[in-house]
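# Notes for the structure review
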Amino acid sequence: MSLFGEVPQATPVAVFKLSNDFKEDPNPMKVNLGVGAYRTDEGQPWVLPVVKKVEKIIVADNSLNHEYLPILGLPEFRSSASKIALGEDSPAIQENRVGAVQCLGGTGALKMGAEFLRRWYNGNDNMKTPVYVSAPTWENHNSVFANAGFEDVRPYKYWDAEKRGLDLAGFLGDLETAPKHSIFVLHACAHNPTGTDPTHVEWMQVAEVMKRRKLFVFFDSAYQGFASGCLDKDAWAVRYFVTQGFEMFCAQSFSKNFGLYNERVGNLTIVARDADNVRRVLSQMEKIVRVNWSNPPSQGARLVAITLNTAELFAEWKDNVKTMADRVLLMRASLQAKLQVLGTPGTWDHITQQIGMFSFTGLNPKQVEYMIKERSIYLMASGRINMCGLTTKNIDYVAESIHETVVNVQ
Amino acid sequence: EMFMYLLLLFVSHPPLCCSSWWGGVQMGPPDPILGVSEAFKRDTSPKKMNLGVGAYRDDHGKPFVLDCVRKAEALIASKQLDKEYLAIGGLGDFTKSCALLALGADSEVLKSGRNITVQTISGTGSLCVGANFLSRFHSASCDVYLPKPSWGNHTPIFRDAGMQLKAYRYYDPSTCGFDFSGALDDISKMPEKSVIMLHACAHNPTGVDPKPEQWKEIADLKRDLLVFFDMAYQGFASGDIDRDAWAVRHFIEQGHNIVLSQSFAKNMGLYGERVGGFTVVCNDAEEAKRVESQLKILIRPIYSNPPMNGARIAATILNTPDLYKIWLEEVHGMANRIIKMREQLAANLKSEGSTHNWQHVIDQIGMFCFTGLKPEQVERLTKEFSVYMTKDGRISMAGVTSGNVGYLAHGIHAVTK
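Residues numbered from 1 in each chain as written. Chains lettered and ligands numbered in written order. Predicted model: local features only at pLDDT ≥ 70, side-chain atom pairs only at ≥ 80, totals over all residues. Heavy atoms only, no water.

Before going further, it helps to examine the overall build of chain B. Looking only at helices and strands, chain B has 17 helices and 13 strands in total. Compactness check: chain B gives a C-alpha radius of gyration of 24 Å against a globular reference of 22 Å for 417 residues, within 12% of the reference. Along the first, second and third principal axes, the C-alpha atoms of chain B reach 85 × 60 × 50 Å. Counting all 417 residues of chain B, 60% fall into the buried class. Taking contacts inside chain B between residues at least 6 apart in sequence as the whole, the part at least 24 apart equals 75%. Between the averaged position of the 44 positive side-chain charges in chain B and that of its 45 negative side-chain charges there is a distance of 3 Å. (Helix = DSSP H or I, 4+ residues; strand = E, 2+ residues; numbered from the N terminus. Rg over C-alpha atoms; globule rule 2.2 N^0.38 Å. Buried < 20%, exposed > 50% of the residue type's maximum accessible area, 1.4 Å probe, protein only. Contact = heavy atoms within 4.5 Å. Lys, Arg positive; Asp, Glu negative; His and termini not counted. Charge placed at Lys NZ, Arg CZ, Asp CG, Glu CD.)

A tally of helices and strands in chain A yields 16 helices and 13 strands. Here the C-alpha atoms of chain A give a radius of gyration of 22 Å, agreeing with the 22 Å that 2.2 N^0.38 yields for 410 residues. C-alpha atoms of chain A, sized along the principal axes, occupy 60 × 60 × 55 Å. The long-range share in chain A, meaning contacts at least 24 apart out of those at least 6 apart in sequence, stands at 76%. Carbon and sulfur atoms provide 53% of the accessible area of chain A, an area that totals close to 14,700 Å². (Areas by Shrake-Rupley, 256 points an atom, 1.4 Å probe, with all protein chains shown as cover.)

Moving on, we come to the side chain of glutamine 299 of chain A. As for its placement among the helices and strands, glutamine 299 of chain A is situated in helix α12 (residues 298-308). Discounting chain neighbours no more than four positions away, the residues touching glutamine 299 of chain A are Ile58 and Glu263 of chain A together with Glu273 and Asn309 of chain B.

Residues and elements named next belong to chain A. Taking strand neighbours across the sheet as the criterion, the seven strands line up as β2-β10-β9-β8-β7-β3-β4 in an open arrangement whose pairing is mixed. What marks the edges here is a single partner per strand, and that holds for β2 (98-104) and β4 (153-157). Between one strand axis and the next, the sheet turns through 25° on average, direction left out of account. Pairing analysis gives five bridges linking strand β3 (residues 131-135) to β4, with the strands arranged parallel. (Pairing = 2+ DSSP bridges. Axes fitted to C-alpha atoms, helices over the stretch in contact; angles between N-to-C directions.)

Residue and element names in this part refer to chain B. Considering the arrangement of structural elements, one finds arginine 394 in strand β13 (residues 394-396). Buried and unpaired, arginine 394 has aspartate 392 as its nearest opposite-charge partner, separated by 5.2 Å. A distance of 2.9 Å separates the side chain of arginine 394 from the side chain of asparagine 204, its partner in a polar contact. Beyond its immediate sequence surroundings of up to four residues, arginine 394 is in contact with Ile33, Leu51, Gly52, Val53, Gly54, Asn204, Pro205, Phe368, Cys369, Phe370 and Met389. (Salt bridge = Lys/Arg side-chain N within 4 Å of Asp/Glu carboxyl O. Polar contact = N/O pair within 3.5 Å; in protein donor to acceptor, adjacent residues only side chain to side chain.)

What follows deals with helix α10 (residues 236-243) of chain A. Residues and elements named next belong to chain A. Burial within α10 is extensive, with six of its eight residues counted as buried. By the burial criterion, the buried members of α10 are Ala237, Val238, Arg239, Tyr240, Phe241 and Val242. Positioned one or two residues after α10, glycine 245 has a phi angle of 85°, which is positive.

Turning our attention to the sheet that holds strand β9 (residues 259-263) of chain B. Residues and elements named next belong to chain B. In space, the seven strands of this open sheet follow the order β2-β10-β9-β8-β7-β3-β4, with mixed pairing throughout. Two strands close off the open sheet at either side, each with one partner strand: β2 (115-121) and β4 (164-169). For this sheet, the mean angle separating the axes of adjacent strands, direction not counted, is 25°. Inspection of the sheet shows strand β7 (residues 195-199) paired to strand β8 (residues 226-231) by five bridges, in the parallel sense. The partner of leucine 198 across the bridge, within β8, is phenylalanine 229. Contacts from helix α6 (residues 122-137) reach β2, β7, β8, β9 and β10 (275-281) within the one sheet, and its direction differs from that of β2 by about 125°.

Attention now moves to the nonpolar core. Ranked by internal contacts, the top residues of the largest apolar core, which has 148 residues, are Phe218, Phe249 and Leu268 of chain A together with Trp22, Val280, Trp327 and Leu345 of chain B. Counting residues per element, this core draws most heavily on helix α14 (residues 321-352) of chain B, which supplies nine residues. Those residues within four positions of tryptophan 327 of chain B in sequence are excluded, and the remaining contacts are Leu66, Cys68, Leu101, Ile241, Asn267, Met268, Ile317 and Leu318 of chain B. With 59 residues, the next largest nonpolar core counts Ala227, Tyr261, Val265 and Ile395 of chain A among its residues. (Core = buried A, V, L, I, M, F, W, Y, C linked by side-chain atoms within 4.5 Å.)

This part takes up the environment of leucine 117 of chain A. Checked against the element boundaries, leucine 117 of chain A lands in helix α5 (residues 105-120). Sequence-wise, leucine 117 of chain A and valine 328 of chain A are 211 residues apart; in three dimensions their C-alpha atoms are separated by 36 Å. Not counting residues within four places of it along the chain, the set of residues in contact with leucine 117 of chain A comprises Asn126, Phe150, Ile183, Phe216, Phe218 and Phe249 of chain A together with Trp22 of chain B.

Now for the interface of chain B and chain A. By a widespread convention, an interface's size corresponds to the accessible area lost as its parts come together. Chain B puts 85 residues into the contact, and the matching count from chain A is 88 residues. For the pair chain B and chain A, the summed buried area comes to about 7,600 Å², and 59% of that belongs to carbon and sulfur atoms. The largest per-residue losses of area from chain B upon contact with chain A belong to Trp21, Trp22 and Lys83 of chain B, which jointly make up 13% of the total buried on that side. Where chain B packs against chain A, one counts six salt bridges. In this structure, lysine 83 of chain B and glutamate 55 of chain A form a salt bridge, with 2.7 Å as the shortest nitrogen-oxygen distance. Here chain B and chain A share 34 residue pairs in polar contact (both at pLDDT 80 or more) between them. Of all the secondary-structure elements, those providing two or more residues to the side of chain B that touches chain A are α1 (2-11), α3 (67-79), α6, α7 (154-160), α12 (285-303) and α13 (308-319) of chain B. With 11 residues, the single largest contributor to the side of chain B that touches chain A is α12 of chain B. Broken down by class, the residue content of the side of chain B that touches chain A amounts to 46 nonpolar, 21 polar and 18 charged. (Buried area = accessible area lost by both parts, 1.4 Å probe. Nonpolar A, V, L, I, M, F, W, Y, C, P; charged D, E, K, R; others polar.)

Right, let's get into the packing of aromatic side chains. Scanning the entire structure with this criterion turns up 51 aromatic pairs over all chains. Both rings, one in tyrosine 56 of chain B and one in phenylalanine 236 of chain B, keep their centres 5.9 Å apart while their planes meet at 75°; by these two values the pair is edge-to-face. Highlighted residues: tyrosine 56 of chain B in the loop between β1 (49-50) and α3 and phenylalanine 236 of chain B in the loop between β8 and α10 (241-244), separated in sequence by 180 residues. Residue class for tyrosine 56 of chain B comes out buried when judged on its relative accessible area of 6%. Between tyrosine 170 of chain B and phenylalanine 178 of chain B the ring centres are 4.9 Å apart and the planes differ by 50°, which places this aromatic pair in the tilted class. In this structure an aromatic cluster arises from ring pairing among Phe116, Tyr121, Phe145, Phe150, Phe216, Phe218 and Phe249 of chain A together with Trp22 of chain B. Directly above the aromatic system of phenylalanine 358 of chain A lies the positively charged group of arginine 384 of chain A, at a separation of 3.8 Å from the ring centroid. (Phe/Tyr/Trp six-rings, centres within 6.5 Å; stacked < 30°, edge-to-face > 60°. Lys NZ or Arg CZ within 6 Å of the ring centre and 35° of its normal.)

So, on to the pattern of salt bridges. Residue and element names in this part refer to chain B. The full count for this structure, using the stated rule, is 42 salt bridges over all chains. The partner of arginine 249 in a salt bridge is aspartate 242, and the shortest N-O contact between them spans 2.9 Å. For arginine 249, a relative accessible area of 16% corresponds to the buried category.

Take the confidence of the model for chain B next. All names here are of chain B. Scored by pLDDT, chain B comes out at a mean of 94, with 96% of its residues at no less than 70. Scored below 50 in pLDDT, residues 11-17 makes 14 contacts in the model with residues more than four places away or belonging to other chains. Overall fold confidence (pTM) sits at 0.93, and the ipTM for the predicted complex is 0.92. (pLDDT = per-residue confidence, 0-100.)

The residues that UniProt annotates with the feature "domain: Aminotransferase class I/classII large" (unreviewed entry) are residues 47-412 of chain B. Annotation note: span residues 47-412 of chain B, helix share 46%, strand share 15%, distance between end C-alpha atoms 14 Å. (UniProt positions renumbered as here; feature names shortened; annotations may be inferred.)

Time to look at the pairing of strand β8 (residues 216-221) of chain A. Working note: regular strand, side chains alternate between the two faces of the sheet. All names here are of chain A. Among the six residues that make up β8, six are buried, leaving the element largely enclosed by the rest of the structure. Side chains Phe216, Phe218 and Asp220 project from β8 onto one buried face, and the interleaved Val217, Phe219 and Ser221 project onto a second face that is buried too. Here five bridges tie strand β7 (residues 183-187) to β8, and the two strands are oriented parallel to one another. Bridge pairing links isoleucine 183 to phenylalanine 216 in β8. A crossover connection joins β7 to the parallel β8 through helix α8 (residues 200-212); in handedness this β-α-β unit is right-handed. Of the pairings in the sheet, the one linking β8 to strand β9 (residues 248-253) comprises five bridges and is parallel in character. What sits directly across from phenylalanine 218, in β9, is phenylalanine 249. (Right-handed = clockwise from strand over helix to strand, strands pointing away.)

Attention shifts here to helix α2 (residues 34-42) of chain B. Looking at α2 of chain B, one finds that the buried residues are Leu34, Val36, Ser37 and Phe40 of chain B. End-on, the buried residues of α2 of chain B take up no more than an arc of 150°, which puts them together on one face. (Arc of directions from axis to C-beta.)

Here it is in structure tokens:
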């Protein structure tokens, strides 16, 4: 008799299962539009040229070793990463009220923020404090907060399936009716999975309600630079909220914009009222880090820190980021144009209006199943596609497949 | 819309109310172990010694990057690999060789595929995953028994995972050795299905390990406890990787389906790369698959998937015969230097004229030595001699060199005579 005899088989994480199924598909025409990683026009992963350069610098530097980083991470990484989010001239940074924790990717940053909030936000035990995530959202948001001990993780209205855009009235309505002090997870840019972001005016309206109703701002910023090709443009919402005086968290990921997926490079930026609050918050963050991973991995953080803190490398990085963003924009324009030429039923403007890596095509589950089974085109059941999976070589096949699917399957 | 824009711009301007969300956040106490290093850094004495955190130093007191690590890094760089996400459970090449290292080539467990081994964020990450897995799936008991004393971070890790902390006798301060009868007595009284934490080798913080005959008796004593081995020093203790894994392998051979945490921080010097593994020995391969699926569900909301760099280095070393050979020599070398320092410290204390029995300095094994110093003596050693160590009298032998062992002996003698 085993102690683990009763352990049930868990359902696999959907997005990884999709990649697995894709791998095993023998169809030479197959296309993987599932997991969110950048691909070149040859359909290959892309190690950024600046990253290759900096890796050589690190290898050649004999003064570097593999000693433990401090619990909160590499100092020069933390400060430069926060500057990327908040801006070089951020008043919050100048006023010395910004802190940061180097974490294991964006997931790790969300985890640290969630664990801290559950212990210390608005009184000492926040298990019952509602956490709102967008409908839909990155599926792991739910698990991160639930596993951190929040019992009440709820959706806020976000995606309007009918008009294929932002449900602003619904969003603002949920903000108005949320219990005071509720925590809201906001996507800083390039909303995952819909690719639909609020406009500046819409963000301002969101901020106004959140301030009035004392709701907590927790930004998830996984695509800065990747969305528009411009770092500052993609950080507009985060920086606006800072100017509005919010104390807030921003979970940053460098997986996509640095292409450092497997090095797990993330940063939790903390904006507080003043330096003393930052100090105490960081001291408690250390306790949480210590029981999860003790201290973070050094390789990725070193890479990013050297890049951000060296003028020519920083410029080269911004250029690499623009290369990725531009290719995505090109694929968006291309796909939309082809669907229009084919006369595919429905409107397809959302393809070019949406931003970032993902597009919510509007395909329903039956249509998605058809795409996978009949056309070997792999996408999420939600109809989400990764634009990076499109190339000049496969875009015709994908456009034709979408056309055939929409026409034949309702 | 322009009007709205301007309206909102002028209407909503700081400052907000002056109180902070974090007004009630207390200043957390500094970490007792890592706090020692911080204090050491601030000290300006030229003779200062950092005997706090357990990171290996060479005989010049410098961090040591293993040659096999540098060679592995060069090999990896030449391969021009991509940076795609690893699977949630980590790099396959790493997890296979990690399990092989711990369990041995003729392990029946490996042959029948009834283990699941996942890559973790070094030893801490492994314990975190393990503690949370047990908390979630080991419904028969929520008690975990730690040896008295144990690594300081064990307690908050298990507590945070929702388990109840208990203790069993382990260290005997009167002998600075193993309280074998006390341990057996406490273990025999543990409620069935409790979790018991055993340090596989080089016990942290005492350096006191059971002898093989004692391990045998412990393994035989109570068959219905869930054994959790923490092996952070394989190879680093005796210099021999098989010898250091003997207890783990013996328990498995005796039919215990253990769980095991491994770290490559010390034995490969990969501290900051965060390389570790967590293993569950199951009844059969089918059960291992179910357990694996649940481990992934647990890991995904913590950090999604583990970091590549260190695991790639470790896997390269373990799977490349030439590098593996160099590694065994280097690990042997590190262990040997520690053993030599122990002998020199004991010898120097004798020549200082100390009348105390310092045999335990030589008998204890691994990076740490439980000197037997009391807190007041430790305080004096720090204040008067700038020797930094943890309050419990633990010193990291790795911080001792042929250049400073005399000074250390002098200081210890001064505060204990």
